[in-house]
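# Coordinates in review
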2 protein chains.
Amino acid sequence: MNIEDLKSRVKSGGYKITPQRKAILTVLLEHRGCFISVEKICEETRKIHPEINITTVYRNLDIFENLHIVHKIFIDEGVSRYDIISVDAHHHHIICKGCGKTEVIEFCPLGDLVGLAEEKKFTLTGHKIELYGFCDKCKKKNDGAGK
Amino acid sequence: MNIEDLKSRVKSGGYKITPQRKAILTVLLEHRGCFISVEKICEETRKIHPEINITTVYRNLDIFENLHIVHKIFIDEGVSRYDIISVDAHHHHIICKGCGKTEVIEFCPLGDLVGLAEEKKFTLTGHKIELYGFCDKCKKKNDGAGK
DNA sequence: TTTGGTGCAAAGCGTTTGCACCCGC
DNA sequence: GCGGGTGCAAACGCTTTGCACCAAA
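Residues numbered from 1 in each chain as written. Chains lettered and ligands numbered in written order. Predicted model: local features only at pLDDT ≥ 70, side-chain atom pairs only at ≥ 80, totals over all residues. Heavy atoms only, no water.

### Focus on the protein's contact with DNA strand C
Of all residues adjacent to DNA strand C, which total 22 residues, the nearest are T18, Q20 and T56 of chain A together with Y58 and S80 of chain B. The sugar-phosphate portion of DNA strand C accounts for 69% of its atoms within 4 Å of the protein, the bases making up the rest. Taking T18 of chain A, its side chain carries an N or O atom lying 2.6 Å from a phosphate oxygen of DNA strand C. T56 of chain A places a side-chain nitrogen or oxygen 2.3 Å from a phosphate oxygen of DNA strand C. At the level of secondary structure, the elements contributing two or more residues to the surface near DNA strand C comprise helix 2 (19–30) and helix 4 (54–66) of chain A together with helix 4 (54–66) of chain B. Top element by residues in the surface near DNA strand C is helix 4 of chain A. It accounts for four residues. (Near = heavy atom within 4 Å. Polar contact = N/O pair within 3.5 Å; in protein donor to acceptor, adjacent residues only side chain to side chain. Helix = DSSP H or I, 4+ residues; strand = E, 2+ residues; numbered from the N terminus.)

Shown next as structure tokens:
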């Protein structure tokens, strides 16, 4: 997936290609594999398009979410984070609590759980499996600091 | 677990027993098994102690979380929800998207995932498995409404 | 040219904080 | 009586909205 693919998906969604949108998409591609905060996205986008306003970033992330270009999550209270969707199949995540780095797990261990849910008369519509921890880099940093 | 147990846990945590705290704990017990929002907790608590302020509810839920009496989650953007902890062992949840009703799953299918995480050089510190769906009651309600 | 997109400022909303008063122990 | 607890109001931080101007197609 590259910037041209993304631009054509935005276009075929009925949206115009503006320099702001191009810049945000570029940033998202550069940070593929991390759930980064809106504030960080805005900051990074300003390196490409200095005049962009955070309102525009919010509005466009919302559009990109509807176009299934990004995935939005709430790890922390009160902050939304986004990552570009690079795997179409059903999958889960390992998320670094240090830097937000994300690895995709394509395996899903859900079989037995579905049976349990049915026993409890729940009709499942979705599920979320998230593993938290520290990636190699953050672990080394923390070990060094003694915490 | 009953209200007396909870009161003694609050007391031995070094906190006083006030009518407000008693009322919030009572509400939490009555809603055991649901992740309910702070606003709902406040509303319900007012049926017992009409003058309680939402600030007090926030402050005490925070204390109860530190005492491991309640579990806080963020299902929705911008709203925290709490449920009283009734199972001490490691476990997961099935959460009804209709009413917030929660069932505990004591089984954890994580074995294979831990191996995958290690391959990717992640040091795991925790994980969350949440299944979303509709409980029996909400499903019937939705079926009736045609949606 | 036309209509959607953007920037700015203000509003919204859940949550937290400051402070004077209150009350459990 | 002391020190933590509460209510109220104001502040906070992230997000959304209203509106006039701008620019992609």
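The structure having been displayed, the exposition proceeds.
### A short note on the pattern of salt bridges
Should the charged atoms of two oppositely charged side chains come close, the side chains can pair. Under the defined criterion, the tally for this structure stands at four salt bridges over all chains. Between K7 of chain A and E4 of chain A there is a salt bridge whose closest N-O contact spans 3.5 Å. One end of the pair, K7 of chain A, and the other, E4 of chain A, are both in helix 1 (residues 3–12), three residues apart, so they sit about a helical turn from each other. Accessibility expressed as a relative area gives 47% for E4 of chain A, which makes it partly exposed. We note a salt bridge from E44 of chain B to K47 of chain B, for which the minimum N-O separation is 3.0 Å. (Salt bridge = Lys/Arg side-chain N within 4 Å of Asp/Glu carboxyl O. Buried < 20%, exposed > 50% of the residue type's maximum accessible area, 1.4 Å probe, protein only.)

### Some words on the protein's contact with DNA strand D
As a matter of local geometry, DNA strand D sits amid 22 residues, with Y58 and S80 of chain A together with T18, Q20 and T56 of chain B nearest to it. Near the protein, within 4 Å, the atoms of DNA strand D are sugar or phosphate in 69% of cases. Q20 of chain B is positioned with one of its side-chain polar atoms (N or O) 2.8 Å from a sugar or linking oxygen of DNA strand D. Counting only elements with at least two residues in the surface near DNA strand D, the list comes to helix 4 of chain A together with helix 2 (19–30) and helix 4 of chain B. In terms of residue count, helix 4 of chain B provides more of the surface near DNA strand D than any other element does, four residues in total. Broken down by class, the residue content of the surface near DNA strand D amounts to six nonpolar, nine polar and seven charged. (Nonpolar A, V, L, I, M, F, W, Y, C, P; charged D, E, K, R; others polar.)

### Quick word on the environment of S80 of chain B
Inspection of the secondary structure assignment puts S80 of chain B in the loop between strand 2 (70–73) and strand 3 (81–84). In sequence terms S80 of chain B and Y15 of chain B are 65 residues apart; their C-alpha atoms lie 23 Å from each other.

### As for the side chain of K7 of chain A
Judged by its relative accessible area of 18%, K7 of chain A is buried. Excluding residues that lie within four positions of it along the chain, K7 of chain A makes contacts with I17, K22 and L25 of chain A. (Contact = heavy atoms within 4.5 Å.)

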